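Chain by chain, the residues run as shown.
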Amino acid sequence: PASDLAVALSMASAVKNAPVDKTVTAFGELGLTGEIRAVSFAEKRVLNAIKLGFKTVVVPKRNYEGLKRFESQIKIIPVSHLYQAIKAVITEEKDA
């Protein structure tokens, strides 16, 4: 369940034909109406993201309070709905 958000973002990326930056990771459980639910072991997940070299992590808003102490090491984007996550990490490609 914790990978729901990451899978949804990759699907949105494919549909929009717009890549998610390779330095971005995400975790969270996705509800049927698009709400992003908190997951367990959020601190451990953020620590692993830092260790693996990610620069940004998209997290459930309900997990955010416990993760603020990592903001000096990684950009944390708290979201409560899938559309917020898509808007935060996927941009429409512009015609050149």
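Caption draft 1: Expanded view of the overall build of the protein chain. Within the protein chain, the regular secondary structure consists of four helices and five strands. In the protein chain, the succession of α and β elements from N to C terminus is α-β-β-β-α-β-α-β-α. The C-alpha radius of gyration computed for the protein chain amounts to 13 Å, which stays within 12% of the reference 12 Å derived for 96 residues, consistent with globular compactness. Structurally, the protein chain occupies a C-alpha span of about 40 × 30 × 15 Å along its principal axes. When burial is assessed residue by residue, the protein chain has 38% of its 96 residues classed as buried. Accessible surface, the protein chain as shown: approximately 6200 Å² in total, 55% of it carbon and sulfur. On the protein chain, the mean spot of the 14 positive side-chain charges and the mean spot of the 10 negative ones are 6 Å from each other.

Caption draft 2: Here's a closer look at the sheet that holds strand S5 (residues 75-79). Pairing within the open sheet is parallel, and its three strands lie in the order S1-S4-S5. The open sheet has two edge strands with one neighbour each: strand S1 (24-26) and S5. The mean angle between the axes of side-by-side strands here comes to 25°, regardless of whether they run parallel or antiparallel. Strand direction decides the pairing type here: S1 and strand S4 (residues 56-60), joined by three bridges, are parallel. Paired with Val24 across the two strands is Thr56, which belongs to S4. In the packing of helix H4 (residues 82-89) onto the sheet, contacts are made with S1, S4 and S5, and the angle to S5 comes to roughly 150°.

Caption draft 3: Region of the structure containing the environment of Ile77. Its location among the elements puts Ile77 in strand S5. With relative accessibility at 14%, the residue Ile77 sits in the buried group. Once residues within four sequence positions are removed from consideration, Ile77 is found in contact with Thr56, Val57, Val58, Val59, Ala88 and Val89.

Rules and cut-offs
- Residues numbered from 1 in each chain as written.
- Predicted model: local features only at pLDDT ≥ 70, side-chain atom pairs only at ≥ 80, totals over all residues.
- Heavy atoms only, no water.
- Helix = DSSP H or I, 4+ residues; strand = E, 2+ residues; numbered from the N terminus.
- Rg over C-alpha atoms; globule rule 2.2 N^0.38 Å.
- Buried < 20%, exposed > 50% of the residue type's maximum accessible area, 1.4 Å probe, protein only.
- Areas by Shrake-Rupley, 256 points an atom, 1.4 Å probe, with all protein chains shown as cover.
- Lys, Arg positive; Asp, Glu negative; His and termini not counted.
- Charge placed at Lys NZ, Arg CZ, Asp CG, Glu CD.
- Pairing = 2+ DSSP bridges.
- Axes fitted to C-alpha atoms, helices over the stretch in contact; angles between N-to-C directions.
- Contact = heavy atoms within 4.5 Å.

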